[in-house]
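Structural overview
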Amino acid sequence: MTRHVIAPVDELPPGTRKFLTIDERPIAIFNINGEFFGLLNRCPHQGAALCEGPLIGLAQSSNPGEIEYTRHGEILRCPWHGWEFDIRTGQSYCDPKKFRTRAYPVNVEPGSSVVKGPYVAETLAVSVESDYVVVDL
Amino acid sequence: MNVQFRDRPEPASSASVKTAIADCDIHPARATRDELYPFLARRWHGHLETFGVHAYQGMMEGPPYPKTQPNASRRDAWPPEGGQQGSSLSFMQKQHLDPNNVALGVLNPLGATGQGMRNHDLSAALATAINDWQIEKWTSKDSRLKASVVVANEDGMAAAAEIRKRAGDRNFVQVLLLSRNVEPLGQRRYWPIYQAAEEAGLPVGVHAFGFGGNPITASGWPSYYIEEMVGHSQCQQTALASLVLEGVFERHPKLKMIMIEAGFGWAPSLSWRLDKVFEKLHGEVPHLKRKPSEYLRDHIFWTTQPMEDPERRDHLFDVIDWIGWDKLLFATDYPHWDYDEPSRVLPAGVSDANREAFYLTNALKLYGIS
Ligand code: FES
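Remember, it's a predicted structure, so these values are computed and weren't measured experimentally.

**So, the overall build of chain A**
- Secondary structure summary: chain A contains one helix and eleven strands in total.
- In terms of principal-axis extent, the alpha carbons of chain A reach across some 55 × 30 × 20 Å.
- Counting the 137 residues in chain A, one finds 50% classified as buried.
- Expressed as a percentage of contacts within chain A between residues at least 6 apart in sequence, the contacts between residues at least 24 apart total 46%.
- In the structure as shown, chain A presents an accessible area of about 6600 Å², 50% of it carried by carbon and sulfur atoms.
- Between the mean site of the 13 positive side-chain charges and the mean site of the 17 negative ones, chain A shows a separation of 7 Å.

What follows is the structure, given as structure tokens:
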């Protein structure tokens, strides 16, 4: 597993996402209310760029007529056929056992550790004072 | 420090050279409502602005769009220059035609194209306009694209006149009808359409949707879009039973029809049921000389989007074996949300010959393109 420095935290404010390719893999990193998530940007269904889809909530029902709308902004809907994926786990809601997209752990690390640690960055000049978004791949 | 790290992924599809395909259901859209005005007599500009279009179906503002995604389209299909999904040729080329190596793309315009309108003069004028627009904006600019002759479907005579006007023009490869009409499609009011299509040597495509004024399902208006989606097969079954039993194929032995966007897994059971009742009730329809299934097998083609997707692929193959590998036409439905990705729809285990027929040669043959 290699850790990759993605960006200084300020470059990925809440509500934004960043697309990149690491080791030939298309990846997207999301900042949702200050929490960071990383997903493989390829839908397991027919291969759409999954992370171009909107972030929605989860409509669930324990009984007909009773609908709860929860987890607003944590469910990613594929831009093609609308399959829904949990951004925390990569699991799909249409068939969670069979279909999932790869989720990658994303962390925020202080600049000092990024400079010292086993991180790999090509395009970023890492400065010690800031925090950085780091993904494990 | 040797990490591959690009800021934006390349579109996966451009990476490999793919074999050529025919896409028999592409939906071109107008960027703006007045894009058709240059092709419409002036009187209709004012008419449209004052009265709008008047469909048979109520709630015209409700049913068509949006569904599931804006304009019922892929969310990544907005053209960068603005306008509706499907309205930009250059973006369609870049996003779909080039990377998927589409050798033939059949255009099926939907929306306010003149089909299913109560004012038949407006209907005919819009149909002519949309046909001229298809040439001007699409087929003359990209030779891979071919148009459908859109007709004023509820006015058989006007529709036949439009078909005759386009006969022999190789910009057009089929006549386009929709599945929901005022009456089932075999009825006499539509016969002039089949007569003219047969004379012109054009197959007739029947695309799901339409505004015939009747509910979407056989027992009324459903609550959910998901019911409408499966309701398309009911409409097509009604259309097919009507076409066969009214004797349309007996009258027009050269006529070919294409069922577009309503699935095909139900085709065998419809045929079996028709044949079974026909054994007992053929006295009611003595004009039929053959079993219903024989007309269906000889005259009907099916586009693949939506493909049935059973858990066991041999179930799919059984259905296709029954229908015939020579009767399926590949379609993506671009740019709509239920789009099928060419490289992902057909399970493994298909012979090269069948694969090629499925993706390309059936369509080239049917549409007479060499
Ligand atoms: S490609 Fe994502 S839902 Fe089909």
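Now that the structure has been shown, the text picks up again.
**Structural notes on the overall build of chain B**
- When its secondary structure is counted, chain B shows eleven helices and nine strands.
- The principal-axis extents of the C-alpha atoms in chain B amount to approximately 80 × 55 × 45 Å.
- Buried positions account for 56% of the 370 residues belonging to chain B.
- Here the analysis covers contacts within chain B between residues at least 6 apart in sequence; of these, 79% occur between residues at least 24 apart.
- For chain B, the accessible surface area stands at approximately 16100 Å², while carbon and sulfur atoms represent 53% of it.
- Side chains of chain B carry 39 positive and 45 negative charges; the gap between the two charge centres is 2 Å.

**Notes on the pattern of salt bridges**
- All chains considered together, the criterion is met by 22 salt bridges over all chains.
- One salt bridge connects D98(B) with R144(B), and the closest N-O pair in it is separated by 2.8 Å. Pair noted here: D98(B) is in the loop between α2 (89-97) and β3 (102-107) and R144(B) is in the loop between α3 (120-139) and β4 (145-150), with a separation of 46 residues, a long-range link.
- With a shortest N-O distance of 2.9 Å, R166(B) and E162(B) are connected by a salt bridge. Of this pair, R166(B) and E162(B) both sit in helix α4 (residues 156-166), separated by four residues, roughly a single helical turn.
- Assessed through its relative accessible area of 6%, R166(B) is described here as buried.
- Through salt bridges with shared partners, a single ionic network connects E35(A), R71(A), E74(A), D86(A) and R88(A).

**Quick notes on the nonpolar core**
- Ranked by internal contacts, the top residues of the largest apolar core, which has 103 residues, are Y194(B), M257(B) and W302(B).
- If we ignore the near neighbours within four places in the chain, the residues touching M257(B) are Y194(B), V204(B), V206(B), L243(B), F249(B), H299(B), I300(B) and F301(B).
- One finds L20(A), I27(A), I29(A) and V106(A) within the second-largest nonpolar core, a separate group that totals 14 residues.

**Here we look at the confidence of the model for chain B**
- Per-residue confidence for chain B gives a mean pLDDT of 92, with 93% of residues at or over 70.
- Note on the complex model: pTM 0.90, ipTM 0.80.

**Considering the sheet that holds β4(B)**
Residue and element names in this part refer to chain B.
- Strand order in the open sheet formed by eight strands is β2-β3-β4-β5-β6-β7-β8-β9, and the pairing between neighbours is parallel. Only two strands of the sheet have a single partner each, and these edge strands are β2 (21-26) and β9 (328-329).
- Taken together, the four bridges between strand β5 (residues 172-178) and strand β6 (residues 204-207) define a ladder with parallel strand orientation. Residue pairing across strands places L178 opposite H207, the latter belonging to β6.
- Packed on one face of the sheet, α4 meets β4 and β5 and runs near 150° to β4.

**A few points about the sheet that holds strand β1 (residues 3-8) of chain A**
- Taken in spatial order, the four strands make up an open sheet running β9-β11-β1-β10 (chain A), and their pairing is mixed. Each edge of the open sheet is held by one strand with a lone partner, namely β9 (106-110) and β10 (119-120) of chain A.

**Things to note about the UniProt feature "domain: Rieske" (unreviewed entry) in chain A**
- Per the UniProt record, "domain: Rieske" (unreviewed entry) is found at residues 3-115 of chain A.
- What you have in residues 3-115 of chain A is 4% helix and 50% strand, and the ends, taken at the C-alpha atoms, are 12 Å apart.

**Observations regarding the pairing of β4(B)**
Residue and element names in this part refer to chain B.
- In terms of residue burial, β4 counts as a mostly covered element, since six of its six residues are buried.
- In this structure, β3 lies alongside β4, joined through two bridges in parallel fashion. Counterpart to G105 in the pairing with β4 is L145.
- In the sheet, β4 pairs with β5 via four bridges, with the strands oriented parallel. What sits directly across from S148, in β5, is Q174.
- For the segment spanning β4, α4 and β5, crossover handedness is right-handed.

**Here we look at the packing of aromatic side chains**
- All chains considered together, the criterion is met by twelve aromatic pairs over all chains.
- Note on W80(A) and Y339(B): the rings are 4.7 Å apart at their centroids and 70° apart in plane angle, and the pair reads as edge-to-face. Here Y339(B) lies in the loop between β9 and α11 (352-366) and W80(A) lies in the loop between β6 (66-77) and β7 (84-86), a pairing that spans two chains. Residue W80(A) shares its accessibility class with Y339(B), and that shared class is buried.
- Look at F317(B) and W325(B): their rings are 6.1 Å apart centre to centre, the planes differ by 45°, and that puts the pair in the tilted class.
- Between R290(B) and the ring centre of Y295(B), over which it is positioned, the NZ or CZ distance is 5.3 Å.

**Notes on the packing of helix α8 (residues 267-281) of chain B against helix α10 (residues 313-323) of chain B**
All names here are of chain B.
- Following both chains from N to C, one finds α8 and α10 inclined at 50°, their axes separated by 9 Å at the closest point. By the angle between their directions, the pair α8 and α10 is classed as oblique. Note on element contacts: α10 touches α8 through V319, W322 and I323, opposite A267, P268, S271 and W272.
- Here the residues of the contact of α8 with α10 sort into six nonpolar, one polar and no charged.

**Side note on the side chain of S233(B)**
All names here are of chain B.
- With respect to the secondary-structure elements, S233 resides in helix α6 (residues 225-245).
- For S233, a relative accessible area of 17% puts it in the buried group.
- Not counting residues within four places of it along the chain, the set of residues in contact with S233 comprises A262 and W266.

**Describing helix α1 (residues 42-51) of chain B**
- When α1(B) is considered as a whole, its buried residues turn out to be W44(B), H45(B), H47(B) and L48(B).
- For α1(B), the secondary structure elements touched by its buried residues are α3 of chain B.

Calculation rules
- Residues numbered from 1 in each chain as written.
- Chains lettered and ligands numbered in written order.
- Predicted model: local features only at pLDDT ≥ 70, side-chain atom pairs only at ≥ 80, totals over all residues.
- Heavy atoms only, no water.
- Helix = DSSP H or I, 4+ residues; strand = E, 2+ residues; numbered from the N terminus.
- Buried < 20%, exposed > 50% of the residue type's maximum accessible area, 1.4 Å probe, protein only.
- Contact = heavy atoms within 4.5 Å.
- Areas by Shrake-Rupley, 256 points an atom, 1.4 Å probe, with all protein chains shown as cover.
- Lys, Arg positive; Asp, Glu negative; His and termini not counted.
- Charge placed at Lys NZ, Arg CZ, Asp CG, Glu CD.
- Salt bridge = Lys/Arg side-chain N within 4 Å of Asp/Glu carboxyl O.
- Core = buried A, V, L, I, M, F, W, Y, C linked by side-chain atoms within 4.5 Å.
- pLDDT = per-residue confidence, 0-100.
- Pairing = 2+ DSSP bridges.
- Axes fitted to C-alpha atoms, helices over the stretch in contact; angles between N-to-C directions.
- UniProt positions renumbered as here; feature names shortened; annotations may be inferred.
- Right-handed = clockwise from strand over helix to strand, strands pointing away.
- Phe/Tyr/Trp six-rings, centres within 6.5 Å; stacked < 30°, edge-to-face > 60°.
- Lys NZ or Arg CZ within 6 Å of the ring centre and 35° of its normal.
- Parallel < 35°, antiparallel > 145°, perpendicular 65-115°, else oblique.
- Nonpolar A, V, L, I, M, F, W, Y, C, P; charged D, E, K, R; others polar.

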